[in-house]
Amino acid sequence: MIAALSRPFLLALTVLCSFYLGFELFFNAYTMLSVDEFWFAHRIYQYKDMLPYRDFAPYKTVLGYYLLLFPLLIGKQTITALIVVKQFLAVLNATLLLSASIWLRRFFSGTAILASLAILVSSELVLCYSTQIRVDLLGYWFCFFSFLFLLENRFILAGLLLGLGFAATQKAIWYIFASNLALGAGWLLFNRNIKSFVSILRFNFTTAIVISLYLLLFSLLAGWHTVVHSVFYEASI
């Protein structure tokens, strides 16, 4: 797939992703950490020795916290640990931006992709907040790649990633609504047949299975009511 891409596209893509990564690595080394980042780092560190729902009530669903625990432990409970996590997020974001751009080339023109990416990596919101110590962006990445699988009509993989997105943050529920709205509109307008309808069911069934397994697993530790109350009721508040 990469071999089929033009050199100018790959060069421009590399420059944009390198700019983002270079800026973030420099910015994270000198920027002031927010109060929320200290709080989230504290919450992440709890996962080292305690089990969520049984020993404490997690602020959100927990997959993202476990993903960030490893880079946090590298810093050995010093302020360096927070910088390590931010730099880890910078590298992860740059890698996923590069991968997603190459993937999207199958559906859109190189000019459109590069223009969109340039706007994205030059925006203040992305440059200043994309490496904050939070779990939401990890969930959004799962949801974004779920969308890419939907473009390829790979509904089971799309549902799997969307379920994992929910396991990282309950905010993924908006992606679930949006995906079903798009799929439903597409079915009504273009492909009103049983095969397309079954594909939508597979997508939702896979998402539901992942979320159900998450709830069931932690319910074995802390009880069904505790987990459901924390995941849905507290999150809705």
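Further up the page is the structure itself.
Residues numbered from 1 in each chain as written. Predicted model: local features only at pLDDT ≥ 70, side-chain atom pairs only at ≥ 80, totals over all residues. Heavy atoms only, no water.

A.B. asks: Would you take a moment to explain the environment of Asp49 for this structure?
C.D. replies: You can see Asp49 is positioned in the loop between helix 2 (35-45) and helix 3 (63-74). A polar atom in the side chain of Asp49 sits 3.4 Å from the side chain of Lys48. (Helix = DSSP H or I, 4+ residues; strand = E, 2+ residues; numbered from the N terminus. Polar contact = N/O pair within 3.5 Å; in protein donor to acceptor, adjacent residues only side chain to side chain.)

A.B. asks: How should the packing of helix 3 against helix 4 (residues 79-104) be read in this particular structure?
C.D. replies: Packed helices, taken two at a time, are described by their axes: the angle between them and the distance between them. Where helix 3 contacts helix 4, the two axes come as close as 7 Å, and the packing angle between them is 130°. As judged from the angle between their axes, helix 3 and helix 4 are oblique. The two elements helix 3 and helix 4 cross, and the hand of that crossing is right-handed. Contacts between helix 3 and helix 4 involve Leu67, Leu68, Pro71, Leu72 and Ile74 from the former and Ala81, Val84, Val85, Phe88 and Leu89 from the latter. Within the contact of helix 3 with helix 4, the residues separate by chemical class into 10 nonpolar, no polar and no charged. (Axes fitted to C-alpha atoms, helices over the stretch in contact; angles between N-to-C directions. Parallel < 35°, antiparallel > 145°, perpendicular 65-115°, else oblique. Left-handed = near helix turned anticlockwise from the far one by under 90°. Contact = heavy atoms within 4.5 Å. Nonpolar A, V, L, I, M, F, W, Y, C, P; charged D, E, K, R; others polar.)

A.B. asks: Explanation requested: unusual backbone geometry in the structure shown.
C.D. replies: One can expect most non-glycine residues to show negative phi and most peptide bonds to be in trans. Unusually for a residue other than glycine, Tyr53 sits at a positive phi of about 75°. The topology assignment puts Tyr53 in the loop between helix 2 and helix 3. Here the phi dihedral of Asn153 falls at roughly 60°; this positive angle occurs in a residue that is not glycine. Following the sequence through the fold, Asn153 ends up in the loop between helix 7 (136-151) and helix 8 (155-168).

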